[in-house]
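The residues making up each chain are set out below.
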Amino acid sequence: MGLPKCVHCHTKFRWKLIFHSFVFAYHPVKCENCLKENKVKLSSRFLVAFLLVFILYTVGFSSMALSPDLMSTLIIMMITGGLFLFVCPFIVRYR
Ligand SMILES: [Zn+2]
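Here's what I pulled together on the structure shown here. (Residues numbered from 1 in each chain as written. Predicted model: local features only at pLDDT ≥ 70, side-chain atom pairs only at ≥ 80, totals over all residues. Heavy atoms only, no water.)

### Description of the coordination of the zinc ion
All of the protein donors around the zinc ion are Cys-6 (SG), Cys-9 (SG), Cys-31 (SG) and Cys-34 (SG); their distances to the metal are 2.3 Å. For the zinc ion, the four donor atoms in the first shell make angles of 104 to 115 degrees at the metal, so the coordination geometry reads as tetrahedral. All donors to the zinc ion come from one chain, and their sequence spacing reads C-x2-C-x21-C-x2-C. Placement of Cys-6 in the segment before α1 (15-23) and of Cys-31 in the loop between β1 (29-30) and β2 (37-38) is noted, with a sequence separation of 25 residues between them. (Donors = N, O, S within 2.8 Å, 3.2 Å for Na, K, Ca; no water. Tetrahedral: all angles 85-135°; square planar, octahedral: opposite > 155°, others 65-115°. Helix = DSSP H or I, 4+ residues; strand = E, 2+ residues; numbered from the N terminus.)

The following block contains the structure:
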């Protein structure tokens, strides 16, 4: 599982490029080599959404089970969600 490549010329995208695309609602990525647009696969969007919900649910549930403090649970969930954002460029695939 590495960083995705351009579907046209197979050049590996930089992490920063994908992260920016990802943060701005899956904006298409323009390849720096061939200048063609790459759009995020619909299945990738579903996978990212599913993983985010699954991870937040698991972390939230575990945190509440360990110490039933809503504020600390919310903080832990926000930190986990933020960390997940940094991993997302390795998960998304383009078409
Ligand atoms: Zn390209």
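That covers the picture; the talk isn't over yet.
### Regarding the pattern of salt bridges
Using the criterion set out here, one finds one salt bridge in the structure. A salt bridge links Glu-32 to Arg-14; its shortest N-O distance comes to 2.7 Å. Of this pair, Glu-32 sits in the loop between β1 and β2 while Arg-14 sits in the segment before α1, and the two are 18 residues apart along the sequence. Classification of Glu-32 by relative accessible area gives partly exposed; the value is 49%. When its relative accessible area of 43% is taken as the criterion, Arg-14 is described as partly exposed. (Salt bridge = Lys/Arg side-chain N within 4 Å of Asp/Glu carboxyl O. Buried < 20%, exposed > 50% of the residue type's maximum accessible area, 1.4 Å probe, protein only.)

### Side note on the environment of Cys-88
Along the chain, Cys-88 turns up in the segment after α3 (70-87). Between the C-alpha atom of Cys-88 and that of Leu-52, which follows or precedes it by 36 residues, the distance is 9.6 Å.

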